[in-house]
Amino acid sequence: MSLRPEVQVQLDALAQMLHHWVARVRHPAQFWPQFEALAEEILDQCGHTEKEQVRVLIQTMLRGHGLELPPGFKHRRPPDA
């Protein structure tokens, strides 16, 4: 399933910013709150099916930079999903 264009544009922008953040942020505590806020904005616009796809894309994006979602990331898959 393809994403709505506006969601894809936002994900692309997040991916572009990720490279710069990783290079400039001195401590993960500075990075995660900003990243989570932007990721939340994107996920809040998505329907249930689209959310799952966006979650996977965000995780893939992070792994490409050697990062993993920290415990407590608000938009992780719910335990019963």
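Quick notes on the rules
- Residues numbered from 1 in each chain as written.
- Predicted model: local features only at pLDDT ≥ 70, side-chain atom pairs only at ≥ 80, totals over all residues.
- Heavy atoms only, no water.
- Core = buried A, V, L, I, M, F, W, Y, C linked by side-chain atoms within 4.5 Å.
- Buried < 20%, exposed > 50% of the residue type's maximum accessible area, 1.4 Å probe, protein only.
- Helix = DSSP H or I, 4+ residues; strand = E, 2+ residues; numbered from the N terminus.
- Axes fitted to C-alpha atoms, helices over the stretch in contact; angles between N-to-C directions.
- Parallel < 35°, antiparallel > 145°, perpendicular 65-115°, else oblique.
- Left-handed = near helix turned anticlockwise from the far one by under 90°.
- Contact = heavy atoms within 4.5 Å.
- Nonpolar A, V, L, I, M, F, W, Y, C, P; charged D, E, K, R; others polar.
- Expected span 1.5 Å × (residues − 1).
- Phe/Tyr/Trp six-rings, centres within 6.5 Å; stacked < 30°, edge-to-face > 60°.
- Salt bridge = Lys/Arg side-chain N within 4 Å of Asp/Glu carboxyl O.

A. Examining the nonpolar core more closely. One finds Leu 11, Leu 18, Phe 31, Phe 35, Val 54, Ile 58 and Leu 62 to be the most contacted residues of the largest nonpolar core, which totals 19 residues. Breaking this core down by element, the ones donating at least two residues are helix 1 (5–24), helix 2 (28–44) and helix 3 (48–63). The greatest single-element share of this core, amounting to six residues, is contributed by helix 2.

B. Focus on the packing of helix 1 against helix 3. Where helix 1 contacts helix 3, the axes come no closer than 11 Å and their chain directions differ by 15 degrees. With respect to each other, helix 1 and helix 3 are oriented roughly parallel. Here helix 1 and helix 3 pass one another in a crossing that is right-handed. Counting all contacts with helix 1, which are made through Val 7, Leu 11, Leu 14, Ala 15 and Leu 18, the residues of helix 3 involved are Glu 50, Val 54, Leu 57, Ile 58, Met 61 and Leu 62. Here the residues of the contact of helix 1 with helix 3 are counted per class, giving ten nonpolar, no polar and one charged.

C. Looking closely at helix 3. Taking 1.5 Å as the rise per residue, helix 3 with 16 residues should run 22 Å; its terminal C-alpha atoms sit 23 Å apart, in good agreement. What helix 3 keeps buried is the set Glu 50, Glu 52, Val 54, Arg 55, Ile 58, Met 61 and Leu 62. At its buried positions, helix 3 is contacted by helix 1 and helix 2.

D. Molecular detail of helix 1. For helix 1, with 20 residues, the first-to-last C-alpha span of 29 Å sits near the 28 Å given by 1.5 Å per residue. When helix 1 is considered as a whole, its buried residues turn out to be Val 7, Leu 11, Leu 14, Leu 18 and Trp 21. Contacts made by the buried residues of helix 1 are with helix 2 and helix 3.

E. Region of the structure containing the packing of aromatic side chains. Counting across every chain of the model gives five aromatic pairs. Judged by centre distance (5.5 Å) and plane angle (80 degrees), the rings of Trp 21 and Phe 31 are edge-to-face. Taken together, the positions of Trp 21 in helix 1 and Phe 31 in helix 2 put the pair ten residues apart, joining distant regions of the chain. The same class applies to Trp 21 and to Phe 31, which are both buried.

F. Structural context of the pattern of salt bridges. One pass over the full model with this rule turns up four salt bridges. Across the salt bridge formed by Glu 50 and Arg 4, the nearest N and O atoms sit 2.8 Å from each other. Taken as a pair, Glu 50 in helix 3 and Arg 4 in the segment before helix 1 lie far apart in primary sequence, 46 residues in all. Shared partners join several salt bridges into a network, and the residues in it are Arg 4, Glu 6 and Glu 50.

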